[in-house]
Amino acid sequence: MKQTKRANFGSRLGIILATAGSAVGLGNVWRFPYMTGQNGGAVFILIYIGCVLLLGIPCMLNEFIIGRRAQTNMVRAYSKLSGGGPWRLIGLLGVLTGFLITSYYAVVSGWCLQYVYASLAGKLKGDPQYIQQFFTDFSQNPWKPIVWMLIFFLITHFIIVRGVEKGIERASKLMMPTLFVLLLIIVVASCMLPGAGKGISFLFSPDWSKLNGEVFLGAMGQAFYSLSVGMGCLCTYASYFSRDTHLVHSASQIAVIDCVVAILAGLMIFPAAFSVGVSPDSGASLVFITLPNVFQQAFGSMPIVGYVVGLLFYALLSLAALTSLMSLHEVSTAFFHEELHISRRAGAWIVTSCCAVIGAFCSLSLGDVHIELFGKSLFDLFDFVTGQLFLPIGGFLTCIFLGWFVPKHIIHEEFTNNGRLRGRLFGIYLFAVRFVCPVGILLIFLNQLGVI
Ligand code: PHE
């Protein structure tokens, strides 16, 4: 392979939007609002913001520092910073995690796209039983979800092969503002419904009685997942940052965008749900069963508004999923491209085809074809292994690596752009990485495993 100059993002805005695109995903829409409503409203939001500041931003900075310093894929980055040795295994774990998440994230992304089509064709109309049946039939159908997943993969693939600046950056600059506009339109429509106030107060009124250890751990876990920490997306994107990128500012801006989108998602879902007296849940059932009903009933007197809101909602979800899937795909593409010394296009094809095959099995495992391992469907198993095991392990080891093993001057150089910035927060950052984050992540990990 001809050695060419390594790709870079072309602008600051591109960096922020692409990385925020990775962070803003299904987690913002289907998990955060529900957790907030269940765990004390405004109290949860405050705790969540605390977790983002103390845990999320330092962990993002870890990956930014490693990626930008090494300017290479994740495995080689860890290897470079540690001078070879076993630390590269964390990089490998990150790539593996990214690879597996790509596979099943694409399945759900395909569902979103299918729902765009179904809303467009006016198929999401009917009583609640019908909507429930529609989802069950669709997700258990052997081939339909696979076809939609493949379409989604191909869209991602063609963005990725166009490169970092012309592909990922350009697409993010187009998609993120669109996503934001769609979100605002739906929020306004939802908040104008009669009885919407009850949803807003459910989301925001602080209920201190809900405060307990579980809430803290839930908030930490969500902060971690929502910021895409721990699986190499941030590290890989940071390898395309410029030497002038202000890492602390970028991490903070991305975290703010991610939080704002999550809170707006709450304002999109709860007012509409409460206006028709439905109490919203979370996860796939919220997005694919509860909400189509809610939109239909809430805008029952203006069916055309209901139609448009439903359609925009699934378009928004598909965009959120696409920008996240791009970042996941890029982790493995960069890895194959650089480690196997093949072209970027060939690397991307390896990722797309392997992940599509694994994704197809994940999809089938939800239907009549029972593919079970350790008592879980393949889909649930991947979700569990990556989200609850690999992610925290990767995040934890990265903190230990950077906080205790990488020479401090290297971290300081990256933190301050080689002394050009003042780096006033360096001490706090280092303290967080050495002590606060490892302890926090360990607690989340044990909690998710049910040990504490
Ligand atoms: N952060 C994304 C979300 O909130 C999920 C994600 C995780 C995306 C890891 C990319 C990588 O949904």
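I will try to describe carefully the structure that is included in this document. (Residues numbered from 1 in each chain as written. Predicted model: local features only at pLDDT ≥ 70, side-chain atom pairs only at ≥ 80, totals over all residues. Heavy atoms only, no water.)

Moving on: the layout of surface pockets. In this structure, the largest pocket encloses a volume near 840 Å³. Lining the largest pocket are 34 residues, and of these Trp30, Arg31, Tyr225, Asp383 and Gln388 sit closest to its centre. Of all the secondary structure elements, the ones that give two or more residues to the lining of the largest pocket are α2 (26–30), α6 (88–120), α7 (128–140), α11 (213–226), α14 (283–298), α17 (378–405) and α19 (426–448). Within the lining of the largest pocket, the residues separate by chemical class into 19 nonpolar, 11 polar and 4 charged. (1 Å grid on protein atoms, 1.4 Å probe; cavity = no way out; pocket = protein on both sides within 12 Å on 5 of 7 lines; lining within 4 Å. Points joined across faces, edges and corners; volume = space filled by probe spheres on them. Helix = DSSP H or I, 4+ residues; strand = E, 2+ residues; numbered from the N terminus. Nonpolar A, V, L, I, M, F, W, Y, C, P; charged D, E, K, R; others polar.)

Along α14, the helix axis deviates most sharply at Thr290, where the bend reaches about 40 degrees; the proline Pro292 sits within four residues downstream. Among the 16 residues that make up α14, 12 are buried, leaving the element largely enclosed by the rest of the structure. Within α14 the residues assigned to the buried category are Gly283, Leu286, Val287, Phe288, Ile289, Thr290, Leu291, Pro292, Asn293, Val294, Phe295 and Ala298. Buried positions along α14 lie against α2, α6, α7, α13 (247–275) and α15 (303–339). (Bend = angle between axes of the 7 residues up to and from the residue. Buried < 20%, exposed > 50% of the residue type's maximum accessible area, 1.4 Å probe, protein only. Contact = heavy atoms within 4.5 Å.)

Okay, the site of the ligand next. With respect to spatial proximity, 14 residues lie near the ligand, and among them Ala23, Leu26, Gly27, Ser226 and Met231 are the closest. Leu26 places a polar main-chain atom, nitrogen or oxygen, 3.0 Å from an oxygen atom of the ligand. Protein contact buries 100% of the 320 Å² of open area that the ligand shows by itself. Under a 2 Å grid-point criterion requiring more than half of the atoms, the pocket assigned to the ligand is the largest cavity. Breaking the shell around the ligand down by element, the ones donating at least two residues are α1 (12–23), α2, α11 and α15. With 3 residues, the top contributor of residues to the shell around the ligand is α2. (Near = heavy atom within 4 Å. Polar contact = N/O pair within 3.5 Å; in protein donor to acceptor, adjacent residues only side chain to side chain. Areas by Shrake-Rupley, 256 points an atom, 1.4 Å probe, with all protein chains shown as cover. Sits in = over half its atoms within 2 Å of the grid points.)

Further remarks concern unusual backbone geometry. At Gln71, a position not held by glycine, the phi torsion is positive, near 50 degrees. Mapped onto the secondary structure, Gln71 falls in the loop between α4 (42–70) and α5 (74–82). Exposure remark for Gln71: the relative accessible area of 24% places this residue in the partly exposed category. With phi around 55 degrees, Asn418 is a residue other than glycine that occupies positive phi space. The class of Asn418 is partly exposed, set by a relative accessible area of 48%.

Once that is clear, we can look at a nonpolar patch on the surface. Taken together, the side chains of Val439, Leu443, Leu449, Val451 and Ile452 present a nonpolar region at the surface, about 420 Å² in accessible area. Here Val439 is to be found in helix α19. (Patch = residues over 30% accessible without salt bridge, like charges linked within 9 Å, V, L, I, M, F, W, Y side chains within 5 Å. Salt bridge = Lys/Arg side-chain N within 4 Å of Asp/Glu carboxyl O.)

Their axes nearest at 9 Å, the elements α4 and α19 cross at an angle of 115 degrees. Taken together, α4 and α19 sit at an angle that is classed as roughly perpendicular. Judged by the sense of rotation from one axis to the other, the crossing of α4 with α19 is left-handed. Every residue of α19 that contacts α4 at Leu54, Leu55, Pro58, Cys59, Leu61, Asn62 and Ile65 is listed here: Tyr429, Ala432, Val433, Val436, Cys437, Gly440, Ile441 and Ile444. Its residues assigned to classes, the contact of α4 with α19 shows 13 nonpolar, 2 polar and no charged. (Axes fitted to C-alpha atoms, helices over the stretch in contact; angles between N-to-C directions. Parallel < 35°, antiparallel > 145°, perpendicular 65-115°, else oblique. Left-handed = near helix turned anticlockwise from the far one by under 90°.)

Note that Asn417 resides in the loop between α18 (408–415) and α19. Every residue in contact with Asn417, bar those within four places of it in the chain, is listed here: Arg68, Arg243, Asp244, Thr245 and His246. A polar contact is formed between the side chain of Asn417 and the side chain of Arg68, at a distance of 2.6 Å.

Considering all chains together, one arrives at 2 cavities of 30 Å³ or more under this definition. Taken as a whole, the largest cavity spans an internal volume of roughly 140 Å³. As for the largest cavity, its lining consists of 16 residues, and the residues nearest its centre are Ser22, Tyr105, Tyr225, Ser228 and Ser324. Counting only elements with at least two residues in the lining of the largest cavity, the list comes to α1, α2, α6, α11 and α15. Across the lining of the largest cavity, the residue classes tally to 8 nonpolar, 8 polar and no charged. Grouping the amino acids of the lining of the second largest cavity by side-chain chemistry returns no nonpolar, 2 polar and 5 charged.

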